[in-house]
Amino acid sequence: MTSRSKEDRQIKVVFIVGYTRSGSTLLEQLLSMAPGSVAVGEMAYLWEQRVRNNSYCGCGSKWTNCSFWKNILGDLPSSDFSKARSPFGAFFRDLVSKGRPSDDQDYERFVNQIESIYQAIHDQTGCSVIIDSSKRPFFGLAVSRTKVSVTFVHLVRDSRGCAFSWKKAKARVELGKDAFMPFMPQFPAHRSALAWVWNNLQAEILSRRCQNIVLRYEDLVENPTFEVNKILNQVGLPSISPDQNGTFHIPTSHGIWGNPDRWSSRNAIKVTKDERWISELSKPDFIVSTLISAPLLKWYGYPLSRNKHVCRPSASSELQSRNHRELRHGAPVRSRQILRDETQRSNPNGR
Ligand SMILES: [Zn+2]
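The following refers to the structure shown. This one's a predicted model, so the numbers in the text were calculated from it and none came from an experiment.

**Notes on the overall build of the chain**
Looking only at helices and strands, the chain features 18 helices and eleven strands. Scored against the burial criterion, the 351 residues of the chain give a buried share of 54%. For the chain, the exposed area adds up to about 16,000 Å²; of that, 50% sits on carbon and sulfur atoms.

**Overview of helix H9 (residues 159–167)**
With eight of its nine residues buried, H9 lies for the most part within the structure. Residues of H9 that are buried: Ser159, Arg160, Gly161, Cys162, Ala163, Phe164, Ser165 and Trp166.

**Here we look at the coordination of the zinc ion**
Protein coordination at the zinc ion comes from Cys57 (SG), Cys59 (SG), Cys66 (SG) and His254 (ND1), with a distance range of 2.2 to 2.3 Å. Relative to the metal, the four donor atoms surrounding the zinc ion lie at angles of 98 to 118 degrees, and the coordination shape comes out tetrahedral. Mapping the donors of the zinc ion onto the primary sequence gives the spacing C-x1-C-x6-C-x187-H. Of this pair, Cys57 sits in the loop between helix H3 (49–54) and helix H4 (67–73) while His254 sits in the loop between strand E8 (248–249) and helix H13 (261–265), and the two are 197 residues apart along the sequence.

**As for the pattern of salt bridges**
Tallied over the full model, the rule gives nine salt bridges. Between Asp158 and Arg160 there is a salt bridge, and its shortest N-O distance comes to 2.5 Å. Here Asp158 and Arg160 have matching classes, each one buried. Among the salt bridges present, the one from Arg216 reaches Asp219, with a minimum N-O distance of 3.4 Å. Residue Arg216 shares its accessibility class with Asp219, and that shared class is buried. Each of Arg157, Asp274 and Arg276 takes part in one network of salt bridges that share partners.

**A short note on the packing of helix H8 (residues 137–144) against helix H10 (residues 189–207)**
Two elements in contact, H8 and H10, have axes separated by 9 Å at closest approach and are oriented at 20 degrees. Classified by the interaxial angle, the pair formed by H8 and H10 is roughly parallel. Two packed elements cross with a definite hand, and for H8 against H10 that hand is right-handed. The segment H8 lies against H10, with Pro137, Phe138, Gly140 and Leu141 engaging Trp198, Asn199, Gln202, Ala203 and Leu206. Residue composition of the contact of H8 with H10, grouped by class: six nonpolar, three polar and no charged.

**Overview of the pairing of strand E1 (residues 12–18)**
Where burial is concerned, most of E1 is hidden: seven out of the seven residues are buried. Side chains Lys12, Val14, Ile16 and Gly18 project from E1 onto one buried face, and the interleaved Val13, Phe15 and Val17 project onto a second face that is buried too. Here five bridges tie E1 to strand E3 (residues 129–135), and the two strands are oriented parallel to one another. When the sheet's bridge partners are listed, Val14 is paired in E3 with Ile131. Here E1 runs beside strand E4 (residues 149–156); their pairing, made up of seven bridges, is parallel. By the bridge assignment, Val17 is partnered in E4 with His154.

**A closer look at the packing of aromatic side chains**
One pass over the structure, following the stated rule, counts nine aromatic pairs. Relative to Tyr300, the ring of Trp196 lies with its centre 6.2 Å away and its plane at 85 degrees, an arrangement referred to as edge-to-face. Of this pair, Trp196 sits in helix H10 while Tyr300 sits in the loop between helix H15 (283–299) and helix H16 (306–310); the two residues are 104 residues apart in sequence, bridging distant segments of the chain. With relative accessibility at 0%, the residue Trp196 sits in the buried group.

Conventions and cut-offs
Here the residue index of a chain counts from 1 through its sequence in written order. For a predicted model such as this one, the threshold for reporting local features is a pLDDT of at least 70, and the threshold for listing and counting side-chain atom pairs is 80 or more; totals across whole chains, interfaces and linings nevertheless cover every residue. With hydrogens and water stripped out, all remaining heavy atoms of the structure feed into the side-chain values. A run of DSSP states H or I qualifies as a helix once it reaches four residues; a run of E qualifies as a strand once it reaches two. Both are numbered from the N-terminal end. Only protein chains enter the area calculation, which uses a 1.4 Å probe; residues under 20% of their type maximum are buried, those over 50% are exposed, and those in between are partly exposed. Areas reported as accessible are Shrake-Rupley estimates using a 1.4 Å probe. Residue values count occlusion only from the protein chains shown. Keep in mind that water is not among the atoms, so a site may look incomplete; donors are the N, O and S atoms within 2.8 Å of the metal, or 3.2 Å for Na, K and Ca. In these descriptions, tetrahedral denotes four donors with every angle between 85 and 135 degrees, square planar four donors and octahedral six donors with opposite donors over 155 degrees apart and the rest between 65 and 115, and irregular any other case. Any carboxyl oxygen of Asp or Glu within 4 Å of a side-chain nitrogen of Lys or Arg constitutes a salt bridge here. Simply put, an axis is a line fit to the C-alpha atoms, just over the touching stretch for a helix, and the angle between two N-to-C directions goes from 0 to 180 degrees. Between 65 and 115 degrees an angle is taken as roughly perpendicular, under 35 as roughly parallel, over 145 as roughly antiparallel, and anywhere else as oblique. Put simply, a crossing is left-handed when the front helix is turned counterclockwise from the back one by less than a right angle, and right-handed when it is turned clockwise. By definition, residues are in contact when any of their heavy atoms lie within 4.5 Å. Note on residue categories: nonpolar means Ala, Val, Leu, Ile, Met, Phe, Trp, Tyr, Cys or Pro, charged means Asp, Glu, Lys or Arg, and polar means any other residue, Gly included. Strand pairing is assigned whenever DSSP identifies at least 2 bridges connecting the two strands. Pairing of aromatic rings covers Phe, Tyr and Trp, the last counted by its six-membered ring, and requires centre-to-centre distances within 6.5 Å; plane angles under 30 degrees mean stacked, over 60 mean edge-to-face, and any other angle means tilted.

What follows is the structure, given as structure tokens:
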């Protein structure tokens with residue numbers, strides 16, 4: 001077998017990593033439009049017993065009744081999912097150390113189980129690229145220890161936008177009024193900002209170990225076709241485009257868990273910016289969020305001042321992305337670039 005054909009047959013995973021409320025559901029849906037891809041939602045929740053037993057699949061079936069997942073998990077020893085969940089310490093040791101902790105059998109078993117599920121998804125669907133929007137860097141690290149080829153998409157949104165979102169009540173309408181979680185939790189701004197920093201720092205460490213693409217939510221909603229096709233091109237999938245009205249038509253997903261918004265958008269999406277936080281986030285919340293996350297905000301190219309957000313020029317002249325770190329698993333950084341895509345961004349459809 002030639003190296004090219006081996007590469008073509010290898011299972012690829014696009015793993016979205018980052019903090020919650022950053023647009024990962026939107027990104028997953030858009031990526032799943034490409035033929036040859038299948039979106040599985042936040043696969044990390046397969047190890048959450050209450051989610052498996054009480055939530056609904058993206059297709060609308062009670063998750064335990066979904067034929068897609070029944071076929072995937074049918075031959076796998078799924079009954080021990082909750083036991084197989086690797087302890088936090090093993091992830092952390094793996095994240096901060098150079099090598100894989102070979103003496104941790106639970107971690108080894110967990111990694112093998114993830115690999116078996118990806119393999120089963122590939123076998124059942126015939127899709128070469130699996131889109132996993134789990135976001136958790138620790139879970140992503142375990143995924144990187146499997147034999148699949150992983151491309152991490154580190155999705156970042158302005159921390160003030162995330163904080164604003166977490167302050168809003170959001171019903172888990174798909175779970176029904178008697179569900180174990182009828183509403184998503186709400187967090188104060190300082191807690192969201194701290195979690196945003198912690199999560200993105202983990203993702204930054206992870207990015208030094210694996211192939212990684214950095215994508216800002218604000219760039220995604222500015223030029224969704226361009227940004228999504230950059231990722232699809234990276235993993236060898238065909239490009240996508242909206243219809244003549246600018247609507248993206250999304251295939252039915254069997255995603256597990258995820259943002260309840262996926263239920264409102266269903267199969268047709270018009271991408272719009274959600275920048276309500278700029279005018280609606282209170283001054284105390286804005287200040288505390290900015291103070292906590294200022295260094296990373298600057299690192300990702302966000303203005304610290306709210307006024308500069310309001311007066312933000314077009315993406316083509318300001319925005320930048322740090323992308324395409326050419327890494328192999330476990331190897332040191334070989335190259336790192338900050339790409340300024342002004343020329344391409346001014347021509348987002350690549351024409
Ligand atoms: Zn389903």
